[in-house]
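Fold and geometry: a report
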Amino acid sequence: MLPIHVRETRAFVRPAVAQRRRILEVGCGDGALAGHLAAEGHDVVAIDARLRDTPHPPGVRLEQVPLLRFASEPFEALVAVAVLHHLSPLDASVAKLRELLVPGGVLVVDDFDLAAPDATTARWYYDAQDLLAAGGLFPPEAVHGTPEEAPLERWRHEHLHHDEPLHTGDDMLGALRDGGFELQHVTRGPYLFRYLARGHHGHTPTQERLAEYMLATERQRIAEGVFKPVGLRIVARRR
């Protein structure tokens, strides 16, 4: 069975690209999503600055190349999962995404908003992380900060270690609007569950059950107004 985070992303991406034959995935990771899109009949190219050393999915052309150095004829759809917040310079990256799309082509983004969590949301995330690590269900090297640190400080420190500053949701939305895209669909929802079921040795049934529980909890607390939604999903059309 697919991990729940892949199933959730696929359920969002599939209808957005259903009528598009030629698709580029930017920042494809292990290529799992690209492989499923190819299996559904799409012509898929997938790129990443550093491809993982895992079996490549059939039917996908993978290239290890940064976005700004990738050259190709335009695609009918682009998919970017957990990558747009990393891309720098952001304006140049958005211009490149537009260049790689045919007029009227669709950009599908499944990402997170760095500025979204409040103290309550971040406290739940780090309390869960600390508990899972204490039980041997979360890699200790992936734990950021200590329980004594204020949760929003832990969040800030966790996301300051990158060479380039990460972009907030408003940064990304603004860059797309200014960069020749029409925002057709913007939603916010759960995202933190994706990180709370990471294990030491790949995906296991226990991690899947944890991910399902964390997703249900995060979704319910957002519906109740207790948590801030960290996930950010965008469907944009090239003008």
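Here the structure is a predicted model, which is why all the values come from computation and not from measurement. (Residues numbered from 1 in each chain as written. Predicted model: local features only at pLDDT ≥ 70, side-chain atom pairs only at ≥ 80, totals over all residues. Heavy atoms only, no water.)

**Re the packing of aromatic side chains**
This is how the line gets drawn: Note on ring pairs: Phe, Tyr and Trp rings are taken, using the six-membered ring of Trp, and paired if centres are within 6.5 Å. Classes follow the plane angle, with under 30 degrees stacked, over 60 edge-to-face and the rest tilted. The numbering of helices and of strands both runs from the N terminus, where a helix is a DSSP run of H or I of at least 4 residues and a strand a run of E of at least 2. Classification of residues uses two cut-offs on accessible area relative to the type maximum, computed with a 1.4 Å probe and protein chains only: under 20% is buried, over 50% is exposed, and between them is partly exposed.
Enumeration according to the criterion identifies seven aromatic pairs in this entry. Centroid distance Phe112 to Trp155: 6.2 Å. Interplanar angle 85 degrees. Geometry classified as edge-to-face. Here Phe112 is found in strand β5 (residues 101–112), whereas its partner Trp155 is found in helix α5 (residues 151–158), with 43 residues between them in sequence. Using a relative accessible area of 7% as the deciding quantity, one classes Trp155 as buried. Taken together, Phe112, Tyr125, Tyr126, Trp155, Tyr191 and Tyr195 form an aromatic cluster joined through their ring pairs.

**Comments concerning the side chain of Glu208**
In plain terms, the rule: The contact rule is simple, with two residues in contact once any of their heavy atoms fall within 4.5 Å.
Residue position: Glu208 is located in helix α8 (residues 205–223). When its relative accessible area of 8% is taken as the criterion, Glu208 is described as buried. Other than its neighbours up to four places away in sequence, Glu208 contacts Leu2, Pro3, Ile4, Arg7 and His203.

**Description of the environment of Arg123**
Tracing the sequence through the fold places Arg123 in helix α4 (residues 119–134). Look at Arg123 and you get partly exposed, because its relative accessible area is 41%. C-alpha of Arg123 to C-alpha of Pro151: the two residues are 28 residues apart in sequence and 5.1 Å apart in space.

**What to know about the packing of helix α1 (residues 4–17) against helix α2 (residues 32–39)**
Geometrically, a packed helix pair is captured by the angle between its two axes and the distance between the axes. Note the cut-off: Angular values range over 0 to 180 degrees, each being the angle between N-to-C directions of two axes fitted as lines to C-alpha atoms, with helices fitted over their stretch in contact. Throughout this description, any angle smaller than 35 degrees is read as roughly parallel, any larger than 145 degrees as roughly antiparallel, any in the 65 to 115 degree range as roughly perpendicular, and the remainder as oblique. Working rule for handedness: look at the near helix, and if it is turned counterclockwise from the far one by less than a right angle, call the crossing left-handed; if clockwise, right-handed. Here the nonpolar group is Ala, Val, Leu, Ile, Met, Phe, Trp, Tyr, Cys and Pro; Asp, Glu, Lys and Arg are the charged ones; every other residue, Gly included, is treated as polar.
Relative to each other, α1 and α2 sit at 45 degrees, their axes nearing to 11 Å. Comparing the axis directions of α1 and α2 gives the class oblique. α2 is crossed by α1, and the crossing has right-handed handedness. Between α1 and α2, the residues in contact are Thr9, Arg10, Val13 and Val17 and Leu33, His36 and Leu37, respectively. Considering only residue class, the contact of α1 with α2 consists of four nonpolar, two polar and one charged.

**Considerations on the packing of α4 against α5**
Contact geometry of α4 with α5 gives a least axis separation of 8 Å together with a crossing angle of 75 degrees. By the criterion of interaxial angle, the relationship of α4 to α5 is roughly perpendicular. Across the interface between the two elements, Ala119, Ala122, Arg123, Tyr125, Tyr126, Gln129 and Asp130 from α4 touch Pro151, Leu152, Arg154, Trp155 and Glu158 from α5. The residue inventory of the contact of α4 with α5, partitioned by class, reads seven nonpolar, one polar and four charged.

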